[in-house]
Amino acid sequence: MRKLLEKFGIIYILHGISMLHHRQIRPFVLAPLLINILIFALATWYVWNRGSELSEYLEFELPDWLAFIRFLVIPVLLVAFMVISYYVFALLAGIIAAPFNGILAAKAEEVIRGQTMMDEPVSETVKDIPRILLHTLRVLLYTLPKMLLSFLLLLIPLVGQLLWLLCSGWLTSVGYLDCAGDNHHRSLRDLLHTMRSRRSTCIGFGMAIYFMMMIPVLNLFVIPVAVCGATRLLTDLDGGAIRGPKELFGTGDLPEDGTGSLPEDSPEKGDPTAVPGPEGSPS
């Protein structure tokens, strides 16, 4: 059972929940938690009010030729509205909480590895906030267009909805694993390369986070749980220690642009922007 939970990433949600109680992590959970509570309270208010208005509008304005499937169309559109709304608010929470998520991920890594990772003064962390926000926006440029396009899959019965779940799981996982990777200045390209080694685990982890967003009360804790769980997952993917450019390429072997990306002629390099299919199949 444990192997099954690990293969599909569910166990990392449980790791994230258990780590919130650790005395070294508790003080750094507060800021992401408060931001998450505020944003999801706003999201719930918005979905409740606008959802009621949308329901009334569809009830009276739905074309007559769709009347025979009214019982199906209205619930599907309302669920799609709820899912999209919560996802947009989750993105907003991720942007606002990005600097705090990085600190939380660093503390989680300290607990996982049993050694100090953050030895920089607070002033240096504050100076790094613009870079963190810029990197977060770059990750959004990767995830957001793909997520918006994936919503079109919801219009395809069953198969489209399954593909949408897989796509959402992958993109959600990318966002949270990046919190831990960015502490080591890990580029998005290298992160995606690492994640492809265990696609099913990363997709399952992201899907679990996405479902957690939809559950009242639990969704208030989704950011700190996801950050801690993602840190544990990336640590495992990297063989027990999250790697930065120096660990990936060796001192002095960094590309000239300093990005720490895989060399263009690397035989292991695939299309970094592709949303993967099932594990073991081409991206």
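Anyway, here's the lowdown on the structure attached to this text. Computed from a predicted structure; not experimentally measured.

## A few points about the overall build of the protein
Across its full length, the protein carries 11 helices and 0 strands. Listed N to C, the secondary structure of the protein is α-α-α-α-α-α-α-α-α-α-α in terms of helices and strands. Of all intrachain contacts in the protein linking residues separated by at least 6 positions in sequence, the fraction that spans at least 24 positions is 78%. Total accessible area on the protein stands at roughly 14,900 Å², and carbon and sulfur atoms take up 67% of it.

## Here we look at the packing of aromatic side chains
Applying the stated criterion across every chain yields a total of 4 aromatic pairs. Their ring planes at 20° and their centres at 5.8 Å tell us that Phe40 and Tyr86 sit as a pair that is stacked. Taken together, the positions of Phe40 in helix α3 (residues 26-61) and Tyr86 in helix α4 (residues 70-113) put the pair 46 residues apart, joining distant regions of the chain. Aromatic pair Tyr46 and Phe89: ring centres 5.8 Å apart, planes at 55°, arrangement tilted. Of this pair, Tyr46 sits in helix α3 while Phe89 is found in helix α4, placing the two residues 43 residues apart along the sequence. Look at Tyr46 and you get partly exposed, because its relative accessible area is 30%. Among the aromatic residues, ring-to-ring pairing joins Tyr46, Phe81 and Phe89 into one connected group. The aromatic ring of Phe8 is capped on one face by Lys7, whose charged end is 5.8 Å from the ring centroid.

## Focus on the environment of Leu233
Note that Leu233 resides in helix α10 (residues 222-237). On the accessibility criterion, Leu233 (0% relative accessible area) is buried. For the pair Leu233 and Ser173, spaced 60 residues apart in sequence, the C-alpha to C-alpha distance is 10.0 Å.

## Some details on the nonpolar core
In this structure, Trp170 and Leu177 are the most contacted members of the largest nonpolar core, which totals 65 residues. When contributions to this core are tallied by element, the ones reaching two or more residues are α2 (10-19), α3, α4, α6 (129-150), α7 (159-182), α8 (188-195), α9 (199-213) and α10.

## Concerning a nonpolar patch on the surface
Together, Ile156, Leu158, Val159, Leu162, Leu163 and Leu166 make up a nonpolar patch on the protein surface, roughly 570 Å² of accessible area in all. Counting through the fold element by element, Val159 comes out in helix α7.

What counts as what
Residues numbered from 1 in each chain as written. Predicted model: local features only at pLDDT ≥ 70, side-chain atom pairs only at ≥ 80, totals over all residues. Heavy atoms only, no water. Helix = DSSP H or I, 4+ residues; strand = E, 2+ residues; numbered from the N terminus. Contact = heavy atoms within 4.5 Å. Areas by Shrake-Rupley, 256 points an atom, 1.4 Å probe, with all protein chains shown as cover. Phe/Tyr/Trp six-rings, centres within 6.5 Å; stacked < 30°, edge-to-face > 60°. Buried < 20%, exposed > 50% of the residue type's maximum accessible area, 1.4 Å probe, protein only. Lys NZ or Arg CZ within 6 Å of the ring centre and 35° of its normal. Core = buried A, V, L, I, M, F, W, Y, C linked by side-chain atoms within 4.5 Å. Patch = residues over 30% accessible without salt bridge, like charges linked within 9 Å, V, L, I, M, F, W, Y side chains within 5 Å. Salt bridge = Lys/Arg side-chain N within 4 Å of Asp/Glu carboxyl O.

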